[in-house]
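Overview (structure and organization)
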2 protein chains.
Amino acid sequence: MTADAPRIMDEDECWEFLRSHEFGRLAFHLADEVHIAPINYAVDHRTLLFRTAEGSKLLGIVMNPDVAFEIDEYDDAKAASVIVRGTARLLPEDEAHRSENVPLRPWVADFKYNVVEITPTEMTGRRFDLTKPWTRITPRD
Amino acid sequence: MTADAPRIMDEDECWEFLRSHEFGRLAFHLADEVHIAPINYAVDHRTLLFRTAEGSKLLGIVMNPDVAFEIDEYDDAKAASVIVRGTARLLPEDEAHRSENVPLRPWVADFKYNVVEITPTEMTGRRFDLTKPWTRITPRD
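Overview of the structure. In this text, all values refer to a predicted model and were calculated from it rather than measured experimentally. (Residues numbered from 1 in each chain as written. Chains lettered and ligands numbered in written order. Predicted model: local features only at pLDDT ≥ 70, side-chain atom pairs only at ≥ 80, totals over all residues. Heavy atoms only, no water.)

1. Re the overall build of chain A
In terms of helices and strands, chain A carries two helices and seven strands. Burial analysis of chain A (141 residues in total) assigns 50% to the buried set. Of all intrachain contacts in chain A linking residues separated by at least 6 positions in sequence, the fraction that spans at least 24 positions is 72%. By element, 52% of the accessible surface of chain A is carried by carbon and sulfur atoms, the whole surface being about 7100 Å². (Helix = DSSP H or I, 4+ residues; strand = E, 2+ residues; numbered from the N terminus. Buried < 20%, exposed > 50% of the residue type's maximum accessible area, 1.4 Å probe, protein only. Contact = heavy atoms within 4.5 Å. Areas by Shrake-Rupley, 256 points an atom, 1.4 Å probe, with all protein chains shown as cover.)

Here's what the structure looks like:
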């Protein structure tokens, strides 16, 4: 009935996992609320870049740069997830070109001109072996 | 070069999408910070339930019940995402049994006894056709 403990990824593995994906979820403050949104992103050196239109994501991070970001993959037997906490910064015009040198393809053609950089302050990667349904544990009193 | 606008899911479609998945990401406050964590969940009537051990998720939502939750699916041609904003509540002992009547299987066998309920206050579902790489738009000055 016991599962192996999650295996912790080291920092290089986390970056490798981040580089091998392009779709994640950004959690951000919007005034007093927490919000979450799917984004596509790319790794640029030791930062993440994404594009966004004017909207709540941009407003939220300009008001409060504290963000969290997550990517994952899973199948029936295992799951893996990398979680980043960090600070987001709208790139000024003279840095926005950085988004042209990374594989950051807009998934929806709606001209997203603002480029945001996330600089990680904490990063956690974990790989799990998943409990099979037939070993399902139902807590009982 | 234009893509179709996202198609908005109505509330029933959002619930159907939520019921057909079991893995999502919870964004929550932890004091002044925003955090994100993958969770597995189940729909119980018009709420979401998940189990959690003692830890930052539980501490965070007890301190501040404002949460956001996201699920998605995507392939090369399309993506879909449902985002829930709501309030989280640790179920008292006499309600925790609700988690036994829903398909909430613990993915990792580590006895997570606390049951948390998320009551949505806002729900948004969107389906997108994705821009193909060969129509990639590179903003230029």
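2. A short note on the pattern of salt bridges
Within this structure, the stated rule accounts for 34 salt bridges over all chains. Put simply, Arg85(A) and Glu122(A) hold a salt bridge, and the shortest N to O gap is 3.8 Å. In this pair, Arg85(A) is assigned in strand 6 (residues 78–90) and Glu122(A) in strand 7 (residues 114–129), connecting sequence segments 37 residues apart. Here the residues in one salt-bridge network are Arg25(A), Glu70(A), Asp72(A), Arg25(B), Glu70(B) and Asp72(B), joined through shared partners. (Salt bridge = Lys/Arg side-chain N within 4 Å of Asp/Glu carboxyl O.)

3. Focus on unusual backbone geometry
Residues and elements named next belong to chain A. Phi angles above zero are rare outside glycine, and histidine 45 is one such case at about 50 degrees. Looking at the element boundaries, histidine 45 is found in the loop between strand 3 (33–44) and strand 4 (47–52). Using a relative accessible area of 68% as the deciding quantity, one classes histidine 45 as exposed.

4. Quick look at the packing of aromatic side chains
Aromatic rings in a pair are described by how distant their centres are and how their planes are angled relative to each other. Residue and element names in this part refer to chain A. Counting across every chain of the model gives four aromatic pairs over all chains. Judged by centre distance (4.9 Å) and plane angle (70 degrees), the rings of tyrosine 41 and phenylalanine 69 are edge-to-face. With tyrosine 41 in strand 3 and phenylalanine 69 in strand 5 (residues 66–74), this pair connects stretches of sequence that are 28 residues apart. Neither tyrosine 41 nor phenylalanine 69 differs from the other in exposure class; each is buried. (Phe/Tyr/Trp six-rings, centres within 6.5 Å; stacked < 30°, edge-to-face > 60°.)

5. Let's talk about the pairing of strand 4 (residues 47–52) of chain B
All names here are of chain B. Burial analysis of strand 4 places six of its six residues in the buried class, which makes it a mostly covered element. Residues Thr47, Leu49 and Arg51 line one face of strand 4 and the alternating positions Leu48, Phe50 and Thr52 line the opposite face, and both faces are buried. Alignment of strand 3 (residues 33–44) against strand 4, held across four bridges, turns out to be antiparallel. In the strand pairing of strand 4, aspartate 44 is matched with threonine 47. Connecting strand 3 to the antiparallel partner strand 4 that follows it, the hairpin turn spans two residues, and histidine 45 within it adopts a positive phi of roughly 50 degrees. Bridge analysis of strand 4 against strand 7 (residues 114–129) gives five bridges, and the strand direction is antiparallel. Residue pairing in the sheet places arginine 51 in a bridge with valine 115 of strand 7. (Pairing = 2+ DSSP bridges.)

6. Some details on the side chain of Arg98(A)
Residue and element names in this part refer to chain A. In this fold, arginine 98 is placed in the loop between strand 6 and strand 7. Of the residues examined, arginine 98 reaches a relative accessible area of 18% and is grouped as buried. If we skip the residues at most four places from it in the chain, arginine 98 touches Asp44, Thr47, Leu49, Arg89, Leu91 and Glu117.

That's the geometry; what it means functionally is another story.
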